[in-house]
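Structural overview for review
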Amino acid sequence: MQTIQVYYISLSGNTTSFLKNLDRYFQQEYQKKLKYVNVKNLVKDGKSLAFDIKKHYFAFLPSYLEGGNGIDTGDTEILTTPLRQLIAYSKNREYCLGIVGSGNRNFNKQFCLTAHQYAREFGFSVLDEFELKGTETDIKRIAEKMDRQLTEIPV
Ligand SMILES: Cc1cc2nc3c(=O)[nH]c(=O)nc-3n(C[C@H](O)[C@H](O)[C@H](O)COP(=O)(O)O)c2cc1C
């Protein structure tokens, strides 16, 4: 079974829960499975362990921003920077097939903002977004988009 690599962050478990369900869906519908690594667990003694990623992957990232409204204040990223460091390391950004943002719509204009900031900074696209743990509809739609991206990898 083909494995799809995902690097992500989850602090309160919503993104992990989404990825578990997405993995189940991929196995049932596409005969592919996800290998999802929570980059938060790669931090040792307060330092991120960055390494070369030599195969294509997707990034999943909830927004954790400090206060503000996302327009003129409050776009300081907190807690999710280990993923930023991993993607920024070496040529890792070049292997990213896109980022999926998550968040809470109560944050209005700041909804999923960090994923958009990464996309701009690192030069890949925001593949999609979902709220909290996501829904069945989100899973189906996002799986389709990821699968399409995989078929477009140049050989
Ligand atoms: C301190 C804090 C700041 C947050 N900031 C944002 C934000 O700016 N935009 C947004 O869409 N969601 C924001 N959220 C909501 C989280 O992104 C959302 O709960 C997400 O599902 C958390 O994912 P996780 O459970 O995988 O860690 C924030 C949550 C917390 C606790």
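Scope of this entry: the structure provided in the associated data block. (Residues numbered from 1 in each chain as written. Predicted model: local features only at pLDDT ≥ 70, side-chain atom pairs only at ≥ 80, totals over all residues. Heavy atoms only, no water.)

1. Some details on the packing of aromatic side chains
By the definition in use, this model includes 9 aromatic pairs. Measuring from centroid to centroid gives 5.4 Å for Tyr7 and Tyr57, while their planes differ by 80°, and the two rings are edge-to-face. Here Tyr7, found in strand 1 (residues 2-8), pairs with Tyr57, found in strand 5 (residues 57-62); they are 50 residues apart in sequence, far enough to count as distant. Each member of the pair Tyr7 and Tyr57 is classed as buried. Relative to Phe130, the ring of Phe18 has its centre 3.8 Å away and its plane inclined at 15°; by these criteria the two rings are stacked. With Phe18 in helix 1 (residues 14-30) and Phe130 in strand 7 (residues 126-131), the pair connects residues that are 112 residues apart, well separated along the chain. Judged by relative accessible area, Phe18 falls into the buried class, the value being 0%. The structure contains a cluster of three or more aromatic residues connected by ring pairs, namely Tyr7, Phe51 and Tyr57. (Phe/Tyr/Trp six-rings, centres within 6.5 Å; stacked < 30°, edge-to-face > 60°. Helix = DSSP H or I, 4+ residues; strand = E, 2+ residues; numbered from the N terminus. Buried < 20%, exposed > 50% of the residue type's maximum accessible area, 1.4 Å probe, protein only.)

2. Regarding the layout of surface pockets
Any empty space left between atoms is shown by rolling a water-sized probe over those atoms. Here the largest pocket defines a volume of roughly 260 Å³. Looking at the lining of the largest pocket, the elements with two or more residues in it are helix 1 and strand 6 (96-103). Grouping the constituent residues of the lining of the largest pocket by class yields 7 nonpolar, 10 polar and no charged. (1 Å grid on protein atoms, 1.4 Å probe; cavity = no way out; pocket = protein on both sides within 12 Å on 5 of 7 lines; lining within 4 Å. Points joined across faces, edges and corners; volume = space filled by probe spheres on them. Nonpolar A, V, L, I, M, F, W, Y, C, P; charged D, E, K, R; others polar.)

3. Regarding the site of the ligand
Close contacts around the ligand come from 17 residues, with Ser10, Ser12, Thr15, Ser63 and Tyr64 the closest. A distance of 2.6 Å separates an oxygen atom of the ligand from a polar side-chain atom of Ser10. Within the backbone of Asn14, a nitrogen or oxygen atom sits 2.8 Å from an oxygen atom of the ligand. Burial of the ligand by the protein chains amounts to 83% of its free accessible area of 650 Å². According to the grid-proximity analysis, the pocket containing the ligand is the largest pocket. Split into classes, the residues belonging to the shell around the ligand amount to 8 nonpolar, 9 polar and no charged. (Near = heavy atom within 4 Å. Polar contact = N/O pair within 3.5 Å; in protein donor to acceptor, adjacent residues only side chain to side chain. Areas by Shrake-Rupley, 256 points an atom, 1.4 Å probe, with all protein chains shown as cover. Sits in = over half its atoms within 2 Å of the grid points.)

4. Quick word on the packing of helix 2 (residues 81-88) against helix 3 (residues 113-122)
Running from amino to carboxyl end, helix 2 crosses helix 3 at an angle of 20°, the nearest separation of the two axes being 12 Å. What the angle tells us is that helix 2 and helix 3 run roughly parallel. Regarding helix 2 and helix 3, the two cross each other, and that crossing is right-handed. From helix 2, Thr81, Leu83, Arg84, Ile87 and Ala88 reach across to helix 3, where they touch Tyr118, Glu121 and Phe122. (Axes fitted to C-alpha atoms, helices over the stretch in contact; angles between N-to-C directions. Parallel < 35°, antiparallel > 145°, perpendicular 65-115°, else oblique. Left-handed = near helix turned anticlockwise from the far one by under 90°. Contact = heavy atoms within 4.5 Å.)

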